[in-house]
Amino acid sequence: MKVRSSAFASFVLIFEVLGVALFLRGFFPLPVKSSLSSKSRLEDLPAEPLSGGSPNSSHMPQPLFKRVVIMLIDGLREDFVFGTNGHMNMPYTRNLVEKGSTLSFVAKARIPTVTMPRIKAITTGSIPGFIDVVINLNSPALLEDSLLWQAKTAGKKMIFYGDDTWVRLFPKHFMEYDGTTSFFVSDYTEVDNNVTRHLDSTLKRDDWDILILHYLGLDHIGHISGPHSSLIQPKLLEMDDILIKIHSALFAKEAEGSLPYLLILCGDHGMSETGSHGGSSEPEVNTPLVLISPAFKRKVGMEKPADVEQVDLTPTLALSLGLPISQNSVGRVIPSVLEGASLRDQLRFLHLNGHQLNCLLKDSIPDYEKESGFEQFRVAEKAHGNWMKRYLEGNTSEVLTNMGKKVWKQYLEALSAMSSALSKQMGKYDLYSMIVGMVFVFQLLLILLLAMPEALSGSALVDLPLVSALLSLPFYLLCLLLASVHVLVCTSAESSCYLCSLSWGLVFTAIAFSSAMSCLLLAMMSRRLSSGPHLHGKSPSLISSSDWSLSELDVLLLAGTAGHTVTLAATSFVEEEHQTWYFLLSTLCLAVFQDVCRKYFREKSNPKSEEEELVLTYKDPPKEEIYSEKWLALVTPPFVLLCCRLLRSLNQTGVQWVHLRDLGHWLNSSEHKVVLSLLSAFCLVLLYFLIQRRCSLVSKVALALGLLGVYNYRAAVGNVSFPWHHSGRNISKGTNEARFVYVFILGILFTGTKDLLRSQIITTDAKLKNRGLWEIFSGLVLLVSLLFRPHNLPVLCCSLLIQTLMTQFIWKKLHYDAAQTTIMHYWFGQAFFYFQGNSNNISTIDISVGFVGLDNYIEAPAIFLTALSTYAGPLLWACHLVCYLSSESNRSPVAVGHGCYCLALLRSVPTAAYIVLVTVLRYHLFIWSVFSPKLLYEAMHLLLTTAICLIFYTVEQSHTSTTP
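All of these numbers come straight from a predicted model, not from anything done at the bench.

J.: Help me understand the state of the cysteines, please; the structure alone is not making it clear to me.
T.: Disulfide: a covalent bond formed between the sulfur atoms of two cysteine residues. Scanning the model with the defined rule gives 1 disulfide in all. Among the cysteines around cysteine 644, which has no disulfide bond, cysteine 589 carries the closest sulfur, lying 5.4 Å off. Looking at cysteine 644, the relative accessible area reads 7%, which means it is buried.

This is the structure:
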């Protein structure tokens, strides 16, 4: 059955979307939730255990604290307080930790370490999933049971100042609030002053019970200049002074005989060595938790802080304030906070926490009876009842005390086991749906790749042996086999699967589709293998599908691309993906060097076929020019290899070695500011000479002024300096300097777009078209140079220098076709993504670039600039590919061919897809699982580009065939 390539590609895209949707449905697990529709209430609390008598339901422990102040410092790392520099960073806090009435812990934050999920974890005790990263940009109101809802229901009055994420999550919970936006990271002073300005008046009042302060300045400094910036210590000293003010005010109001206060210093997450957050590294996960209250015993020295889970704060605060624990909380109470209460009250607190976890365990895990924590809680509850019977009988012997301590330990073991089981439930994915979705996508990808030779042939038709596949015996056998597998999975699965809940009609349709695709794939593979090897060197637009063949370089490019995709099925390869691209790029340079040697030293001894001679005669320059450029061509691959090796040392990335110091850290240190300034100036000058050669005179002048403005902007924000500037000059935000550069960027882009439109609409001047494309490319380079950190400007220079050398001495002289050049551009683009210091961890996203030239938070440009800076490497290489192939198609249409040109042109589609993805997610999606989503993403990447290529190519072929 023959179908047009556009219809075939459209069919593939539609079913690809369904496969991806099925995968995502299985990948994002449903959160651990209680099945009860109502929230926890005091009247619903369980009775106090009592064996051999009526339940003692009247006893409810009194609250431990009357007033609570939560001082949350965004991005506060554990070592900022407990580390060796803690005495200098926060001296008063450190003194309290060592000798005051405090309890100190290292609170472990779960990934993703992003603000909104962390706030949900602190207030609800649940573990948010990665889908909350998406919601982080615009947090909706939180409707589930939470600590704040319980406090509001109990009549407690709450005040909040700080990050407006709290206001969006809890819109009607505070009697007074003042929110500040958390996304404008360029502001690290006013964003905290807006919080502190309310403190004096609020601390004098007695009309509130809970005060929450969320300071953002420290996190913003981390995003701007990292955790080792000179701005970090002054900000921490400022936070320490605020803690002094709060502690002094609370201590002055402490009345004898009343319940004590509780002051909590904590962080929502830490920050990585680059100043960002979102991943699972120790500096991002470990946050300090300091509880300050006269109810705690004074210390005699520094103790090593114990480790607790961040979600443990929820039940601890709830019980300390006399509130029910949130239904969906997986945390366990911190026992040292309860030590001031009587043994009976301590056991009652532990019993309430255990009962809540036990109910959640029953609702969340089908085989909850097999969990060790369930049985341990029953044993502890029974022992608690026996202890209560003796206690109410008036027994005060030491035996009763020892018995109570034993019950106390049994409760703690049960709480630990149940909390651990519920936490693991969050990592249980619907593997069945994920596997089926991946099978669909990869079946379509393989069929599409096998159909490419026919689709790019002159007829633009694809011959699909669909009828023979549907009538074959393997099709029916596969249907029976897959149906049996489905029944087996659905009847033996411990957790519910989405596919098992669908009707048998939909399931059988999916089974028949998968079986048909498998048979179709086998038929196409056997037909392709039986055709045997054929001549190489023809353009795809001039040959039929049976003449398709591969060279040594083709095998390397295809095997490398496919092999890289396969490696992403393992999380370790995802974490260290940059190593794969560095290896592939080094191998490519050696393969190109071999081709250069073969061309200039061995081509006389290798006779060419008549058709190859015809093509090469059309493309080759005169022999005198070949010999004059021979040595430059020989030097180019080793030079590219050297550049790539130097760039690898500029930014450490990945997971295993990201903590090591690199050249970027050395350049950004204050001692080497002069070196960074000279390097930045040299790179900007080199950028001008590399990109000005094809621009118009107006664009050249705008480009020179724009690059000068880039240096002026970096000097204004304090990254580099002019020789006549003093070291003590004030550092500004550089808003006016950045806007000065934006004017020239828009001018260059407008000029290039105008020339491009004129070449397409008014005239058919190919030279004008090429100049327009190049000017647009130059405008993007100028924009990227403004967004890049100064130490990353060599990455941009090397990218342009490699493009220039490869264009002049490799791609043109060695006559690589468009398909080969396309894949090379793809490899270079992916490698330069990691040369920038990016990784598959969302914590390496530099969101500070989203506010270059902005004096307040504007969502659309902030997201666009962040995405553009993050994916500058793939984007610039894709744009250069378009410019290069456009000039080559005008010079030699035989060499490029309509089909390959269309395929190469559309290699910019994945870069656009990247930007769209970041616009939606704001972060580069990276999640740890056995079935890595990045594997699926890479398959989608290739499938989407190829399918759209076929659609456009068919339209182009139709247009060509109708043009006389």
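J.: How do you make sense of the packing of aromatic side chains when you look at a structure like this?
T.: We describe a pair of aromatic rings using the distance from one ring centre to the other and the angle between the two ring planes. Within the structure shown, the criterion is met by 22 aromatic pairs. Within the aromatic cluster, the residues linked to one another by ring pairs are Tyr582, Phe828, Phe832, Phe835 and Trp877. Across from the ring centre of tryptophan 208, 4.3 Å away, lies the NZ or CZ of arginine 67, which sits over that ring. One Lys or Arg, arginine 694, reaches over the ring of tryptophan 774 and ends 4.5 Å from the middle of that ring.

J.: Just to check I follow, could you spell out the pattern of salt bridges for this structure?
T.: Side chains bearing opposite charge may pair, as long as their charged atoms lie close to each other. Summed over the entire model, instances satisfying the criterion amount to 20 salt bridges. Note that arginine 205 is salt-bridged to glutamate 176, the shortest N-O span being 3.2 Å. Pair noted here: arginine 205 is in the loop between helix 10 (199-204) and strand 6 (210-215) and glutamate 176 is in strand 5 (residues 176-180), with a separation of 29 residues, a long-range link. Judged by relative accessible area, which is 26%, glutamate 176 ranks as partly exposed.

J.: How should I be thinking about the sheet that holds strand 5 in this particular structure?
T.: Pairing is mixed across the open sheet formed by 8 strands, whose spatial order is 5-4-6-2-7-8-3-9. Bordering the open sheet on either side are strand 5 and strand 9 (306-309), each of which pairs with just one other strand. The average undirected angle you get between the axes of adjacent strands in this sheet is 15°. The sheet contact formed by strand 2 (residues 67-73) and strand 6 spans 6 bridges and is parallel. Note that in strand 6 the partner of leucine 72 across the bridge is histidine 214. Contacting strand 2, strand 7 (261-266), strand 8 (286-292) and strand 9, helix 14 (residues 313-320) runs over the sheet at an angle of about 170° to strand 7.

Conventions adopted
- Residues numbered from 1 in each chain as written.
- Predicted model: local features only at pLDDT ≥ 70, side-chain atom pairs only at ≥ 80, totals over all residues.
- Heavy atoms only, no water.
- Disulfide = S-S within 2.5 Å.
- Buried < 20%, exposed > 50% of the residue type's maximum accessible area, 1.4 Å probe, protein only.
- Phe/Tyr/Trp six-rings, centres within 6.5 Å; stacked < 30°, edge-to-face > 60°.
- Lys NZ or Arg CZ within 6 Å of the ring centre and 35° of its normal.
- Salt bridge = Lys/Arg side-chain N within 4 Å of Asp/Glu carboxyl O.
- Helix = DSSP H or I, 4+ residues; strand = E, 2+ residues; numbered from the N terminus.
- Pairing = 2+ DSSP bridges.
- Axes fitted to C-alpha atoms, helices over the stretch in contact; angles between N-to-C directions.
- Contact = heavy atoms within 4.5 Å.

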